[in-house]
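What follows is each chain in one-letter form.
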Amino acid sequence: MPGLRSSEKKLGQLSGIFRDAQAFRGMDPDTIVYRVWWWEPVPGGTEGGLFWGLTEIQPGSVGDEYYMTHGHRHAVLDRAEFYGTTVGEGMLVLRDESGRSWFEAMKPGSLHYISGRVAHRVVNTGDVPLRFVACWPSDAGHDYQIAGGKGFGARVLRQNGKPSFTLTEE
Ligand code: M6P
Ligand code: ZN
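Please read these numbers as outputs of a predicted model, since none were measured by experiment.

Enquirer: Looking at this structure, I do not really get a nonpolar patch on the surface. What am I missing?
Expert: Taken together, the side chains of M1, L4, W39 and W52 define a hydrophobic patch exposed on the protein surface, amounting to about 460 Å² of accessible area. Inspection of the secondary structure assignment puts L4 in strand β1 (residues 4-10).

In structure tokens form, the structure reads like this:
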């Protein structure tokens, strides 16, 4: 089908986003953290179209911080997005422009509406691959600066064997 794409994100491409730099340096940079398959039925930037994607995040952690997506907000700021979880357990970490950070629990069947202007990142807190589908406007684009290592104001860390959402100063 025209416009079908896929990409994989390896640890080495996620340098700076995990808190424990020492643990990160001790890991294989070729380890795949997540893969995305998506369909762009119209060219990127087209007003009024939609893209559809599937993301699969592996279970794992860097130190005590679970594997997660890089995270982004939309280049066209007011564009929204849906996420829907199909397999696994995780947390959708959100941050608005005022710097408020919060999360929504992800589990099979959970649906998440991400308003425009809100940065979003997904964390796999389970021990199986976390899969979610996404639908976003074809002219939304990605702005990765917001999450350039910091920017979410919150981290999901394993504490006493359980995920804990922790607000940070970053
Ligand atoms: C979802 C969508 C995509 C995004 C992907 C990975 O499938 O939101 O637009 O690219 O997740 O997230 P990121 O771009 O932050 O690596
Ligand atoms: Zn998005």
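Once the structure has been displayed, the description carries forward.
Enquirer: So what exactly am I meant to see when it comes to the pairing of strand β8 (residues 101-106) here?
Expert: The two faces of the sheet receive side chains in turn, since in a regular strand these alternate between them. Where strand β7 (residues 90-95) lies against β8, 6 bridges are found, and the strand directions are antiparallel. Across the sheet, R95 pairs through a bridge with S101, a residue of β8. As consecutive antiparallel partners, β7 and β8 are separated by 5 residues, and within that stretch G99 has a phi angle of approximately 95°, a positive value.

Enquirer: Is there a simple way to think about the side chain of S138 in this case?
Expert: Summarising the element assignment, S138 is placed in the loop between β11 (130-137) and β12 (154-159). Residue class for S138 comes out buried when judged on its relative accessible area of 2%. S138 has contacts with V42, P43, G44, G45, T46, G48, G49, L50 and F51, leaving out every residue within four places of it along the chain.

Enquirer: Which parts of the structure should I look at to understand the coordination of the zinc ion (ligand 2)?
Expert: Octahedral metals with six donors have ideal donor angles of 90 or 180 degrees. Tetrahedral metals with four donors have an ideal donor angle of 109.5 degrees. Bound to the zinc ion (ligand 2) are the protein donor atoms H72 (NE2), H74 (NE2), E81 (OE) and H120 (NE2), situated 2.0 to 2.2 Å from the metal. Around the zinc ion (ligand 2) sit 4 donor atoms, and with donor-metal-donor angles ranging over 88 to 156° the site reads as irregular. Taken in chain order, the donor set of the zinc ion (ligand 2) reads H-x1-H-x6-E-x38-H. A relative accessible area of 9% means that H72 is categorised as buried.

Enquirer: Looking at this model, I keep getting lost on the sheet that holds strand β10 (residues 119-124). Mind explaining?
Expert: Backbone-to-backbone hydrogen bonds pair the strands of a sheet. The strands run either parallel or antiparallel. Strand order in the open sheet made by the 3 strands is β8-β7-β10, with antiparallel pairing throughout. Taken across any chain shown, the strands that pair with only one partner, and hence form the sheet edges, are β8 and β10. For this sheet, the mean inter-axis angle between neighbouring strands, taken without regard to orientation, is 25°.

Enquirer: Just checking my understanding: could you explain the pattern of salt bridges for this structure?
Expert: Pairing is possible between side chains that carry opposite charge, provided their charged atoms lie close to one another. As enumerated under the stated definition, the model contains 12 salt bridges in all. With its nearest N and O atoms 2.6 Å apart, the salt bridge here joins D139 to R79. Placement of D139 in the loop between β11 and β12 and of R79 in the loop between β5 (65-66) and β6 (81-87) is noted, with a sequence separation of 60 residues between them. Residue classification places R79 among the partly exposed positions, given a relative accessible area of 22%. Where R117 meets E97, a salt bridge forms, and the shortest distance between an N and an O atom there is 3.7 Å. With R117 in the loop between β9 (111-114) and β10 and E97 in the loop between β7 and β8, the pair connects residues that are 20 residues apart, well separated along the chain. With a relative accessible area of 39%, R117 lands in the partly exposed category. When salt bridges with common partners are traced through the structure, they connect E8, R35, E56 and R131 into a single cluster.

Enquirer: Whenever I open this one, unusual backbone geometry confuses me. Can you help?
Expert: Note: most peptide bonds trans; most residues except glycine with negative phi. Residue R117 is not a glycine yet carries a positive backbone phi of 75°. Although it is not a glycine, N160 sits at a positive phi angle of roughly 55°. Judged by its relative accessible area of 82%, N160 falls in the exposed class.

Enquirer: Would you explain the site of ligand 1 in this entry?
Expert: What surrounds ligand 1 is a group of 14 residues, the closest being Y34, T55, E81, H142 and Y144. Within the backbone of G71, an N or O atom sits 2.9 Å from an oxygen atom of ligand 1. Side-chain polar atom of Y144 to an oxygen atom of ligand 1: 2.5 Å apart, as the coordinates give it. Contributing elements (two or more residues each) for the shell around ligand 1: β2 (32-39), β6 and β11. Ranked by residues supplied to the shell around ligand 1, first place goes to β11 with 3 residues.

Thresholds, definitions, all that
- Residues numbered from 1 in each chain as written.
- Chains lettered and ligands numbered in written order.
- Predicted model: local features only at pLDDT ≥ 70, side-chain atom pairs only at ≥ 80, totals over all residues.
- Heavy atoms only, no water.
- Patch = residues over 30% accessible without salt bridge, like charges linked within 9 Å, V, L, I, M, F, W, Y side chains within 5 Å.
- Areas by Shrake-Rupley, 256 points an atom, 1.4 Å probe, with all protein chains shown as cover.
- Salt bridge = Lys/Arg side-chain N within 4 Å of Asp/Glu carboxyl O.
- Helix = DSSP H or I, 4+ residues; strand = E, 2+ residues; numbered from the N terminus.
- Pairing = 2+ DSSP bridges.
- Buried < 20%, exposed > 50% of the residue type's maximum accessible area, 1.4 Å probe, protein only.
- Contact = heavy atoms within 4.5 Å.
- Donors = N, O, S within 2.8 Å, 3.2 Å for Na, K, Ca; no water.
- Tetrahedral: all angles 85-135°; square planar, octahedral: opposite > 155°, others 65-115°.
- Axes fitted to C-alpha atoms, helices over the stretch in contact; angles between N-to-C directions.
- Near = heavy atom within 4 Å.
- Polar contact = N/O pair within 3.5 Å; in protein donor to acceptor, adjacent residues only side chain to side chain.

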